[in-house]
Amino acid sequence: QKEVEQNSGPLSVPEGAIASLNCTYSDRGSQSFFWYRQYSGKSPELIMFIYSNGDKEDGRFTAQLNKASQYVSLLIRDSQPSDSATYLCAPYTGGGNKLTFGTGTQLKVEL
Amino acid sequence: GAGVSQSPRYKVAKRGQDVALRCDPISGHVSLFWYQQALGQGPEFLTYFQNEAQLDKSGLPSDRFFAERPEGSVSTLKIQRTQQEDSAVYLCASSLPSTYSGNTIYFGEGSWLTVV
């Protein structure tokens, strides 16, 4: 079992719709969870992080965390073509002092 | 500087050649990470420094890979006798010391290595 599992996609959604990106992880010691966005040919940039169970909202983005189920998700409301990118889920384990990335989900927002 | 700076941005190496990739982290960031990202994959952890101490090198794929950060600032990732499978983007990242909430880890633009 991979440490971090993401559906590679592509996930296609129409402009204005809600995009739902999911991630499961295996290390129960993971304390924080980061979502990075990576445009083709660019480096990852931080979108959100979450460390408490429940929802965390920031503008059009909502991160959801369920530690009991080892599941974290990212919702993007009112999706825009500029949201088209690969979204990387990365649990952070304090003991390991590092982020462990999934393979990422490619999101395509279509006009 | 304002962000994590990496050089060279692009490197073409002949198989068997040694390469050195440089990373200049954000000023004041004590933690520095190297990741390797192959095409279509997520970044894979290589090694981690806190100041000049290399605390984790578990991700280095072979003894051909070596990283250093002698003065706790600039870091160099060296790959000896490059092989075609070393072709990837090498990402450097830095952050403040780790906390429970996880300080933000900022990435550089990467060094694109192609081994021919």
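Residues numbered from 1 in each chain as written. Chains lettered and ligands numbered in written order. Predicted model: local features only at pLDDT ≥ 70, side-chain atom pairs only at ≥ 80, totals over all residues. Heavy atoms only, no water.

So, about the interface of chain A and chain B. Facing the 22 residues of chain A at the interface are 24 residues of chain B. Our count for the chain A to chain B interface comes out at one salt bridge. Of the charged contacts, one joins Asp 56 of chain B and Lys 98 of chain A as a salt bridge, the two residues approaching to 3.7 Å between their closest N and O atoms. At the junction of chain A with chain B, the criterion picks out four residue pairs in polar contact (both at pLDDT 80 or more). Broken down by element, the residue count for the side of chain A that touches chain B peaks at four residues, all from strand β4 (residues 32-38) of chain A. (Contact = heavy atoms within 4.5 Å. Salt bridge = Lys/Arg side-chain N within 4 Å of Asp/Glu carboxyl O. Polar contact = N/O pair within 3.5 Å; in protein donor to acceptor, adjacent residues only side chain to side chain. Helix = DSSP H or I, 4+ residues; strand = E, 2+ residues; numbered from the N terminus.)

Further remarks concern the pairing of strand β5 (residues 44-50) of chain B. Residue and element names in this part refer to chain B. The element β5 is largely enclosed, with a buried count of five among its seven residues. Pairing geometry for strand β4 (residues 31-37) and β5, over six bridges, is antiparallel. Counterpart to Ser 31 in the pairing with β5 is Gln 50. Here β4 folds back onto β5, and the loop between the two strands holds six residues, one of which, Gly 40, carries a positive phi near 80 degrees. Alignment of β5 against strand β6 (residues 53-56), held across three bridges, turns out to be antiparallel. Counted as the bridge partner of Tyr 48 is Asp 56 from β6. Connecting β5 to the antiparallel partner β6 that follows it, the hairpin turn spans two residues, and Asn 51 within it adopts a positive phi of roughly 55 degrees. (Buried < 20%, exposed > 50% of the residue type's maximum accessible area, 1.4 Å probe, protein only. Pairing = 2+ DSSP bridges.)

For the structure on display, the rule yields two disulfides over all chains. At a sulfur-sulfur separation of 2.1 Å, the disulfide partner of Cys 23 of chain A is Cys 89 of chain A. On the sign convention where negative is left-handed, the bridge of Cys 23 of chain A and Cys 89 of chain A, at about -70 degrees about the S-S bond, is left-handed. Taken together, the residues Cys 23 of chain A in strand β3 (residues 19-25) and Cys 89 of chain A in strand β9 (residues 85-93) connect sequence positions 66 residues apart. Taking the relative accessible area as the measure of exposure, Cys 23 of chain A reaches 1% and is therefore buried. What pairs with Cys 23 of chain B in a disulfide is Cys 92 of chain B, and their sulfur atoms sit 1.9 Å apart. Between Cys 23 of chain B and Cys 92 of chain B, the S-S dihedral sits near -70 degrees, and the bridge is therefore left-handed. (Disulfide = S-S within 2.5 Å.)

Let us look at the side chain of Thr 82 of chain B. With respect to the helices, strands and loops of the structure, Thr 82 of chain B is situated in the loop between β8 (75-79) and β9 (88-95). Those residues in contact with Thr 82 of chain B, other than ones at most four positions away along the chain, are Ala 13, Lys 14, Arg 15, Gly 16, Gln 17, Val 19, Arg 64 and Val 115 of chain B.

A few words now on the pattern of salt bridges. Should the charged atoms of two oppositely charged side chains come close, the side chains can pair. All names here are of chain A. Considering all chains together, one arrives at six salt bridges over all chains under this definition. In this structure, Arg 37 and Glu 45 form a salt bridge, with 3.2 Å as the shortest nitrogen-oxygen distance. The exposure class assigned to Arg 37 is buried, which follows from its relative accessible area of 15%. Owing to a relative accessible area of 33%, Glu 45 belongs among the partly exposed residues under this scheme. Note that Arg 60 and Asp 83 form a salt bridge whose closest N and O atoms lie 2.9 Å from each other.

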